[in-house]
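Analysis of the macromolecular model
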Amino acid sequence: MHGTERFTAAVHQWLLGMFSPGAAHIAEMVLTGLAYLAFFAVAGLALVYLERRIAAFFQVRLGPNRVGPFGLLQTVADALKLVAKEPIGTKKADHFLYSLAPYFLIISSLMAISVIPMGAGFSAFDIDVGVFFLIAVSSVGVLGILIAGWGSYNKYSLIGALRSGAQMISYELSVGLSLLTMILLVGSLRFSDVVQAQSDYWLIFKGHIPAFIAFVIFIISGTAESNRTPFDLVEAESELGAGFHSEYSGIQFAFFFLSEFINMFIISAVAATVFLGGWMPFHIGDLEGFNHIMDYIPGPVWFFIKTGFIIFLMMWFRWTFPRLRIDQLMKLEWKYLLPLNLLNILLMAFFVWKGWYL
Amino acid sequence: MGYFSDIIHGFKTLLTGMKVTGKYFFNARKEIITQQYPDNRDTLTFPERFRGRVDMPHNENNEHRCTGCQACEIACPNGSIEIIWDRVLNPETGKKKKAIEKHIYHLSMCTMCNLCIVACPTDAIVMTHEFELAAYDRSDLTFVLNKPGSKLMAGVEE
Ligand code: SF4
Ligand code: SF4
């Protein structure tokens, strides 16, 4: 039994000791919800800080280093400032949609996070169509962006939102297909099965060539999904002001801002789970001693190390590559990624059929 | 086959870019180029070509190198420089010669573009490293660059 499983079981027992089974169940749900909300806020702020700091190092600067030790409290201060600010909207905005939009993004990201296992048995719910659910839910977020762009009655917002729609429709395909490639190897859409299948080798090593191609495609389209540079046409500061959230201020802006970073976390977490073994420690074949040492590092630590690695990779992209034009964006997806992806699935299917994997 | 070689070429160029930025990132600790300004106010270091406000250096005898040729005044795109000059009699040669009375420099209009420095044929003015230039009154932003009582350095004109 893993540490995280013991922890959840202990909490379960403790609640059962205090309440009746029904009430304990509700209490568990409330606790989980609160835990995820807290995680959402903390991870979002931490990622904003990391991004700024890492961006600074790429540009040989220092970055935020005044508030708190190493500037760690800078983003907290920024968030407090945003919360205290007056929300200023446009007069002709469709107020209902305008105020609704941020919640679409937040809720879809929260739902997406909830299926990702951060340790053994450590996800809010482990359904048997987990991967499918994740893809479905993460594309609800784009509705939020579209609504925000439409509702704020601003041409720049609308252009940004429509670009986001086009981008999402295209790249969603690549994300789905590259995940599907790995599912061929695992044979289950349930996230815990996906992780369990990697107890000997991580999937990226197991499926070698096609798995690696799928990994690269997933990283590219994942970056596009989370609207980060080089795919940030949705906001494109230099063209559209702030794109779809031009008209938002105060706490609503903070929601958009945070959810962007949480989306990056989700994409990285999915990449880490499906390709790099999630919370599974790094094992090399039959090297018992080495494998035992690796087992001592707890699952969540592995999970966050791998996720962090991919997040760093995405930040590296951001500070290296220039933004794509919208036609280049479409060309990249429909002429390159999609055909390659389909070929790759065939290749993987062939490998699985022949049993040519580790 | 152009299709696949395009893809490979694309990845190659992307990796080249990442190599460059990666090198900066992993060496960042050693060579941060920004300075923690208000903290190190006493030990600030300036790059050689730093452009602060324009000034006219004088030597110990209160002499400058400005002949009053007005090249800087013409070169300045913002009209930040005004030269007030007169013809003064040179006692040795008995000829009247152009000499500056006031070299007026309006910091409020200056963009630190360096054009006046380049234009000056006698290198009479320089860009200093002074950059804390805020003032409470606009009139404090107008400077007379030649010091009172100063005169032209001997031998500049030849
Ligand atoms: S630096 Fe440029 S703007 Fe300033 S005085 Fe010289 S020429 Fe004019
Ligand atoms: S500063 Fe130089 S360019 Fe300007 S008037 Fe004097 S000599 Fe001529």
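Refer to the structure presented above.
Residues numbered from 1 in each chain as written. Chains lettered and ligands numbered in written order. Predicted model: local features only at pLDDT ≥ 70, side-chain atom pairs only at ≥ 80, totals over all residues. Heavy atoms only, no water.

1. Overview of the overall build of chain B
Rules: Helix numbering and strand numbering both begin at the N terminus, where a helix is a DSSP run of H or I of at least 4 residues and a strand a DSSP run of E of at least 2. We take the radius of gyration over the C-alpha atoms and set the globule estimate at 2.2 Å times the residue count to the 0.38 power. Burial status follows relative accessibility: with a 1.4 Å probe on protein chains alone, a residue under 20% of its type maximum counts as buried, one over 50% as exposed, and anything between as partly exposed. Any two residues whose heavy atoms approach within 4.5 Å at even a single point are treated as in contact. Under the convention used here, Asp and Glu are negative, Lys and Arg are positive, and both His and the chain ends fall outside the count. Throughout, a charge is located at the NZ atom of Lys, the CZ atom of Arg, the CG atom of Asp or the CD atom of Glu.
In terms of helices and strands, chain B carries three helices and seven strands. Start at the N end of chain B and walk to the C end: the helices and strands fall as α-β-β-α-β-β-α-β-β-β. Relative to a compact globule of 158 residues, whose C-alpha radius of gyration would be 15 Å, chain B shows 25 Å and is clearly more extended. Taken over the C-alpha atoms alone, chain B extends approximately 85 × 45 × 30 Å along its principal axes. When each of the 158 residues of chain B is scored for burial, the buried share is 28%. Considering only contacts within chain B whose residues lie at least 6 apart along the sequence, 70% involve residues at least 24 apart. Here chain B holds 19 positive side-chain charges and 20 negative ones, and the gap between their average locations is 6 Å.

2. A word on the overall build of chain A
Filter applied, for reference: Computed with a 1.4 Å probe, the accessible areas rest on the Shrake-Rupley method; for each residue, only the protein chains presented here act as cover.
When helices and strands are tallied, chain A shows 15 helices and zero strands. Against the globule reference of 21 Å for 358 residues, chain A gives a C-alpha radius of gyration of 21 Å, in line with a compact fold. Burial statistics for chain A: of 358 residues in total, 51% are counted as buried. Sequence-distant contacts, at least 24 apart, represent 77% of the contacts inside chain A between residues at least 6 apart. Carbon and sulfur atoms make up 73% of the accessible area of chain A, which totals about 16,300 Å². In chain A, 21 positive and 23 negative side-chain charges are present, and the distance between their average locations comes to 10 Å.

3. Some details on the interface of chain A and chain B
It is common to give the size of an interface as the accessible area that goes away when the parts come together. Under the convention used in this document: Buried area is understood as the total, over both parts, of accessible area removed when two parts are fitted together, assessed with a 1.4 Å probe. Criterion for a salt bridge: a side-chain nitrogen of Lys or Arg within 4 Å of a carboxyl oxygen of Asp or Glu. By the convention adopted, Pro, Cys, Tyr, Trp, Phe, Met, Ile, Leu, Val and Ala count as nonpolar, Lys, Arg, Asp and Glu as charged, and the other residues, Gly among them, as polar.
On the chain B side, the residues contacting the 22 residues of chain A number 21 residues. Regarding the contact of chain A and chain B, the summed buried area is about 1,900 Å², with carbon and sulfur atoms giving 73% of it. Broken down residue by residue, the surface that chain A buries against chain B is led by Phe57, Val60 and Trp316 of chain A, which jointly contribute 31%. We note a salt bridge from Arg66 of chain A to Asp39 of chain B, for which the minimum N-O separation is 3.2 Å. Secondary structure elements with two or more residues in the side of chain A that touches chain B: α2 (21-58), α10 (208-225), α14 (299-318) and α15 (326-354) of chain A. Among the residues making up the side of chain A that touches chain B, the classes are represented as 15 nonpolar, three polar and four charged.

4. Some thoughts on α10 of chain A
All names here are of chain A. To be explicit about the condition: One less than the number of residues in a helix, times 1.5 Å, gives the span that helix is expected to have.
Its 18 residues give α10 an end-to-end C-alpha distance of 25 Å, which sits within 8% of 26 Å, the value for a rise of 1.5 Å per residue. Most of α10 is tucked away: 13 of the 18 residues are buried. In the segment just after α10, Asn227 is the residue with positive phi, at about 55°.

5. Digging into the sheet that holds strand β4 (residues 96-106) of chain B
Residue and element names in this part refer to chain B. Under the convention used in this document: In this scheme, strands are said to pair when DSSP sees at least two bridges between them. Axes here mean lines fitted to C-alpha atoms, for a helix over just the part in contact, with angles spanning 0 to 180 degrees between N-to-C directions.
On the basis of which strands lie adjacent, the open sheet formed by three strands has the order β3-β4-β6 and antiparallel pairing. A single partner strand is all that each edge strand has here, and the edge strands are β3 (81-89) and β6 (142-144). Each neighbouring strand pair of the sheet contributes to a mean axis angle of 25°, computed without reference to strand direction.

6. Brief notes about the site of ligand 2
For clarity, the threshold we go by: Whether a residue is near a molecule or strand depends on its heavy atoms: it is near if one of them lies within 4 Å of it.
Lining the immediate surroundings of ligand 2 are 14 residues, of which Cys66, Cys69, Gln70, Cys72 and Cys120 of chain B lie closest. Here the residues of the shell around ligand 2 are counted per class, giving nine nonpolar, five polar and no charged.

7. As for the pattern of salt bridges
Residues and elements named next belong to chain A. By the definition in use, this model includes 10 salt bridges over all chains. Ionic pairing is found between Arg318 and Glu51, a salt bridge with its closest N-O pair at 3.7 Å. Here Glu51 lies in helix α2 and Arg318 lies in helix α14, a separation of 267 residues in the sequence. Its salt-bridge partner being Asp327, residue Arg325 comes within 2.8 Å of it at the nearest N-O pair.

8. Some remarks on the site of ligand 1
By nearness alone, 14 residues border ligand 1, and Cys76, Asn78, Cys110, Cys113 and Cys116 of chain B come closest of all. Per-class residue counts for the shell around ligand 1 are 10 nonpolar, four polar and no charged.

9. Remarks on the packing of aromatic side chains
Formally: Centres within 6.5 Å are what make two rings of Phe, Tyr or Trp a pair, Trp counting through its six-membered ring; a difference in plane orientation under 30 degrees is then read as stacked, over 60 as edge-to-face, and the rest as tilted.
Counted according to the given criterion, the structure contains 30 aromatic pairs over all chains. Centre to centre, the rings of Phe303 of chain A and Phe304 of chain A are 5.2 Å apart; their planes meet at 80°, and the pair counts as edge-to-face. Judged by its relative accessible area of 36%, Phe304 of chain A is partly exposed. Taken together, the ring pairs connect Phe57, Phe58, Phe312 and Trp316 of chain A together with Phe25 and Phe26 of chain B into an aromatic cluster.

10. Quick word on the nonpolar core
Nonpolar side chains in soluble globular proteins tend to end up buried together. Quick note on the threshold: Within this scheme, the nonpolar core is defined by two criteria: the residues are buried Ala, Val, Leu, Ile, Met, Phe, Trp, Tyr or Cys, and they are joined through side-chain atoms within 4.5 Å.
The biggest cluster of nonpolar side chains holds 66 residues, and the ones touching the most others in it are Leu179, Met182 and Phe275 of chain A. Sorting elements by how many residues they give to this core places helix α12 (residues 250-274) of chain A first, with 10 residues. With near-sequence residues (within four places) excluded, Met182 of chain A lies in contact with Leu203, Ala211, Ala214, Val274, Phe275 and Met348 of chain A. Counting residues in hydrophobic clusters, the runner-up holds 19 residues, among them Cys116, Ile117, Ile125 and Met127 of chain B.

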